[in-house]
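# Descriptive analysis of the structure
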Amino acid sequence: MRAVFLFWVGSFVANAAPDVIGFQKTVRPFLESYCLDCHDNETQEGKLSLEDIRPTMTEGALETWRLVQEQLQFADMPPAKKKQPKPAERATVLAWIRGELLKTQEPGALAEEKLTQPQFGNYVDHAALFGQRRSHVTPAPPRLWRLRPAIYNATMPRLGERITGLANGLNQNDGSNFKDFSAGYFLDEAAAAPLLGNAKKIAEALTALTSKDRPLKVLVTETPPTQEQVADGIETAFRKIVGRAPTAEEQERFGAFHKASSNTGGHVAGAKALLTAILLQPEVLYRMELGTGAPDEHGRVRLSPRETAYALSYALDDRPVDRLLVAADEGKLNTAAEVAAEVRARLADESLAQDRNPRVLQFFREYFHYPFAREVFKDAPEGGVHRPDLLVADLETTVRDALRTDREVLATLLTTRRFYVNANYKSVKNKGVQLVQGHHKWWPYQTAFNLPPDWRWNLTEQPLEFPKGERAGLLTHPAWLAAWSGNFENHPVQRGKWIRTHLLGGTVPDVPIGVDARVPEAEHVTFRNRLKQATAAAECWRCHRKMDPLGVTFERYDHYGRYQRRDAGQPVDATGWIDRTGVKELDGKRVNGPAELMTVLARSEHVEQVFVRHAFRYFMGRNETLGDANTLQDAHVAYRKSGGSFRALVESLLASDSFLMRQLPQQSKD
């Protein structure tokens, strides 16, 4: 599959040659006139030379061209005291750069391998994705997608009658990005050893005398099995482990393997070796999304009904969903409309939808990254208790409410002033899902919400409505603030970066190697002013200007998430501004505190579209390309027309051509 994918990429890129003539005629003279005085090989101001830059976006030049584009777009370069290009000159060069960058964002074009990772999804041109519609969707190529640990852990123990003690051989990326991306994982030697050990344990359990699968027990009785019994055992094993009957070729191949293994170690060892081999088949450890049938006029094939059933199952749950597998067998997953109907039915029950579809709630955990509050060590605050686990649980109750109501979900989560304190939903026998009080003995932790020490829990008050301006949305909740803080201080840079990337759809480079990113300590200086001093240098501010003006608004809270009016003995300055988005309605907006910032962002159609892009990446397990433009536009329309329904958004994505189809490799004409 890897070879197929690379061939597909290579055949596409060959047709997307750089515009060398335009570079030589327009761009090169522009650089010589306005840039090379400071950015030639000898001077290299900012450690940047453009003297030898080539008209290609590959070979390591992508980031350089993106930097040039940004500096020209926002008129940062040339510096104010230098000779300035005419607006028409600047516009012409920007058009050339954008045109060349767009070539790298087409389906199959991969300028750099890193662009397959979720943190680089925003590199695709937002205006192109939500601008003119395309003639059709160009989906991803066929792929093998390694199971995420949650799927493996949910399915493998059941095979061995709920066997315990299985090792985890499937790693998962750390960090604040989406975890289950198809391009990020593979099986190597380090993973193979524990998976082999697991397979042997499960094979032992499947052939035990207590096993309920008689055709498998027969393989290990005192009398060697007959050829028919071996075939029956292979049939049973495939249906139980792989979820389908074996093909004739597989019956013959595994039958021969059993015979050879039995001749070497005896029929009992042969039976266990047979089951171990089946348990290590790619179809058991990977999600198969290859497509089937004749390609359409665009060279696309649709996932088979069974592939669709598994894809939908793992998009919504961590195990195969029986209803979807039955629908596939009954021929009810052959069209987008049939898929949409199944997804709609799966999400319809408000009281059970989140528990039946755990991946929906998981999206918000990974998108906002608030569970990370549990990982940020903090000493107990004076006069209180810091319990991040309870704060996370409280915030999750709020998220569940928004999903249950399913109206203007994003805007609600960004602006709500109603939060639960020490309250969780619980399924009560014969009464359904009810709101109940949480832990009793940790009363002091409510100080994170600035509630008085003598505050007492009351069901009728839940959720609590906080004063206007004090709290506004998940980003002002103590759990989110703690997750995006340091051990002892706030972290406005990371908070601002999250807003830039997750709400504004921008990009921020990683901290350069060797840079001391620490903020100096000063007892009587506010953290905001200390940060300003640390990032004042031009080479620092070039990136920090994208983050800090957004993140410093959250100085209204301390690193525990408590509302504060003074910092270092001085009044808190929580003003900020939105800039460098390229969105007319947002750029230049000055805000007085986080509540006002959240209100502005929640009203933005651009922010809504960025949210849709992140949902796309999560449920598709890959970054979008320009070939997915129609899918993204349709999903955004579905979200808007439904009044901000996340269910409608998910339904649109899972019934799209981007989800249900695969693009076959272009055929060589040699």
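Residues numbered from 1 in each chain as written. Predicted model: local features only at pLDDT ≥ 70, side-chain atom pairs only at ≥ 80, totals over all residues. Heavy atoms only, no water.

For the rest of this paragraph, the subject is the overall build of the protein chain. Helix and strand counts for the protein chain come out as 29 helices and 12 strands. Relative to the compact-globule value of 26 Å for 670 residues, the protein chain shows a C-alpha radius of gyration of 28 Å, a close match. Expressed along its principal axes, the backbone C-alpha trace of the protein chain runs to roughly 90 × 75 × 45 Å. Considering the protein chain as a whole, with its 670 residues, one finds that 53% of them fall into the buried category. A separation threshold of at least 6 residues defines the contact pool for the protein chain, and within that pool the share at least 24 residues apart is 68%. Of the roughly 31200 Å² that the protein chain leaves accessible, carbon and sulfur atoms contribute 52%. Computed over 87 positive and 84 negative side-chain charges, the separation of the two mean positions in the protein chain equals 4 Å. (Helix = DSSP H or I, 4+ residues; strand = E, 2+ residues; numbered from the N terminus. Rg over C-alpha atoms; globule rule 2.2 N^0.38 Å. Buried < 20%, exposed > 50% of the residue type's maximum accessible area, 1.4 Å probe, protein only. Contact = heavy atoms within 4.5 Å. Areas by Shrake-Rupley, 256 points an atom, 1.4 Å probe, with all protein chains shown as cover. Lys, Arg positive; Asp, Glu negative; His and termini not counted. Charge placed at Lys NZ, Arg CZ, Asp CG, Glu CD.)

Here the structure, examined in full by the defined rule, presents 31 aromatic pairs. Taking 5.5 Å as the distance between ring centres and 75° as the angle between the ring planes, the aromatic pair formed by Y367 and F611 counts as edge-to-face. On the criterion of sequence distance, the pair formed by Y367 in helix 17 (residues 358-368) and F611 in helix 26 (residues 605-620) is long-range, its members being 244 residues apart. One exposure class covers both Y367 and F611, and it is buried. With a centroid separation of 5.9 Å and an interplanar angle of 75°, the aromatic rings of Y557 and Y563 are classed as edge-to-face. (Phe/Tyr/Trp six-rings, centres within 6.5 Å; stacked < 30°, edge-to-face > 60°.)

Glancing now at helix 7 (residues 189-206). Between the first and last C-alpha of helix 7 there are 26 Å, a value that for 18 residues agrees with the 26 Å anticipated at 1.5 Å per step. Regarding helix 7, the residues found buried are A191, L195, N198, A199, I202, A203, A205 and L206. Within helix 7, the buried residues cover an arc of 150° as seen down the axis, which keeps them to one side. Exposed residues lying more than 90 degrees from the buried face of helix 7 are E189, A190, A193 and K200. Tucked into the core, helix 7 has its buried residues touching helix 6 (149-159), helix 8 (214-217), helix 9 (227-242), helix 11 (267-279) and helix 12 (282-285). (Expected span 1.5 Å × (residues − 1). Arc of directions from axis to C-beta.)

One pass over the full model with this rule turns up 42 salt bridges. Residues joined in a network through salt bridges with shared partners are E70, D76, R545, K546 and R580. (Salt bridge = Lys/Arg side-chain N within 4 Å of Asp/Glu carboxyl O.)

At a closest axis distance of 12 Å, the pairing of helix 13 (residues 305-316) and helix 15 (residues 336-348) adopts a crossing angle of 30°. When the axes of helix 13 and helix 15 are compared, the pair comes out roughly parallel. For the pair helix 13 and helix 15, the crossing hand works out as right-handed. Here T308, L312 and L316 of helix 13 come into contact with helix 15, specifically with V339, V343, R346 and L347. Its residues assigned to classes, the contact of helix 13 with helix 15 comprises 5 nonpolar, 1 polar and 1 charged. (Axes fitted to C-alpha atoms, helices over the stretch in contact; angles between N-to-C directions. Parallel < 35°, antiparallel > 145°, perpendicular 65-115°, else oblique. Left-handed = near helix turned anticlockwise from the far one by under 90°. Nonpolar A, V, L, I, M, F, W, Y, C, P; charged D, E, K, R; others polar.)

In this section: the packing of helix 13 against helix 17. Between helix 13 and helix 17, the shortest axis-to-axis distance is 6 Å and the interhelical angle comes to 50°. Here helix 13 is positioned oblique relative to helix 17, judged by the angle of their axes. In this structure, helix 13 uses Y314, A315 and L316 to contact helix 17, whose residues at the interface are P358, R359 and V360. Classifying every residue of the contact of helix 13 with helix 17 by side-chain character gives 5 nonpolar, no polar and 1 charged.

Moving on, we get to unusual backbone geometry. Among all residues save glycine, negative phi is the norm, and among peptide bonds the norm is trans. Of the consecutive residues M77 and P78, the connecting peptide bond is found in the cis state with omega at -5°. For P78, the position within the fold is in the loop between helix 3 (62-73) and helix 4 (87-104). Geometrically, the link from Q462 to P463 is a cis peptide bond, its omega value of -5° lying close to zero. Turning to its location among the elements, P463 is positioned in the loop between strand 6 (432-437) and strand 7 (464-465). In this structure, Q44 takes a positive phi of about 50° despite not being glycine. Relative to the elements of secondary structure, Q44 occurs in the loop between helix 2 (20-34) and helix 3.

Relative to the assigned elements, E608 resides in helix 26. Residues within four places of E608 in sequence aside, it is in contact with L410, H636, Y639 and R640.

Once that is clear, we can look at the environment of R590. Tracing the backbone through its elements, the reader meets R590 in strand 11 (residues 589-592). By relative accessible area, R590 is classed as exposed at 60%. Taking the C-alpha atoms as reference points, R590 and T575, 15 residues apart in sequence, are found 7.4 Å from one another. Apart from the residues lying within four places of it in its own chain, the contact partners of R590 are G576, W577 and E596.

So, on to the state of the cysteines. Evaluation of the coordinates by the stated rule reveals 0 disulfides. For C38, which is in no disulfide, the shortest distance to another cysteine sulfur is to C35 and amounts to 8.8 Å. (Disulfide = S-S within 2.5 Å.)

Here strand 10 (residues 575-578) shows a buried face lined by G576 and I578 and an unburied face lined by T575 and W577. As defined by bridge partners, strand 10 adjoins strand 11 across 4 bridges and the pair is classed as antiparallel. When the sheet's bridge partners are listed, I578 is paired in strand 11 with K589. (Pairing = 2+ DSSP bridges.)

Another point: the side chain of S485. The topology assignment puts S485 in the loop between helix 20 (478-483) and helix 21 (492-502). Of the residues examined, S485 reaches a relative accessible area of 9% and is grouped as buried. Among the polar contacts listed, one links the side chain of S485 to the side chain of K378, at a separation of 2.8 Å. At a separation of 2.8 Å, a polar atom in the side chain of S485 contacts the main-chain carbonyl oxygen of A482. Leave out the neighbours within four places in its chain, and S485 touches V376, K378, N490, H491, R495 and H559. (Polar contact = N/O pair within 3.5 Å; in protein donor to acceptor, adjacent residues only side chain to side chain.)

An α-helical segment advances 3.6 residues per turn. Residues three or four places apart therefore align on the same side. Under the 1.5 Å per step criterion, the end-to-end length of helix 18 (residues 388-405) is 26 Å for 18 residues, consistent within 8% with the ideal 26 Å. Of all 18 residues in helix 18, 14 are buried; the element is thus mostly enclosed. Two residues or fewer past helix 18, D406 is found with a positive phi of approximately 60°.

Right, let's get into the nonpolar core. Residues F364, F368, L475, I499 and F646 are the most contacted members of the largest nonpolar core, which totals 133 residues. For this core, the element with the highest residue contribution is helix 26, accounting for 8 residues. The contacts of F646, once residues within four sequence positions are left out, are V360, F363, F364, L403, D406, V409, F611, F619 and Y639. Membership of the second largest hydrophobic core comes to 25 residues, among which are L36, A61, I97 and L115. (Core = buried A, V, L, I, M, F, W, Y, C linked by side-chain atoms within 4.5 Å.)

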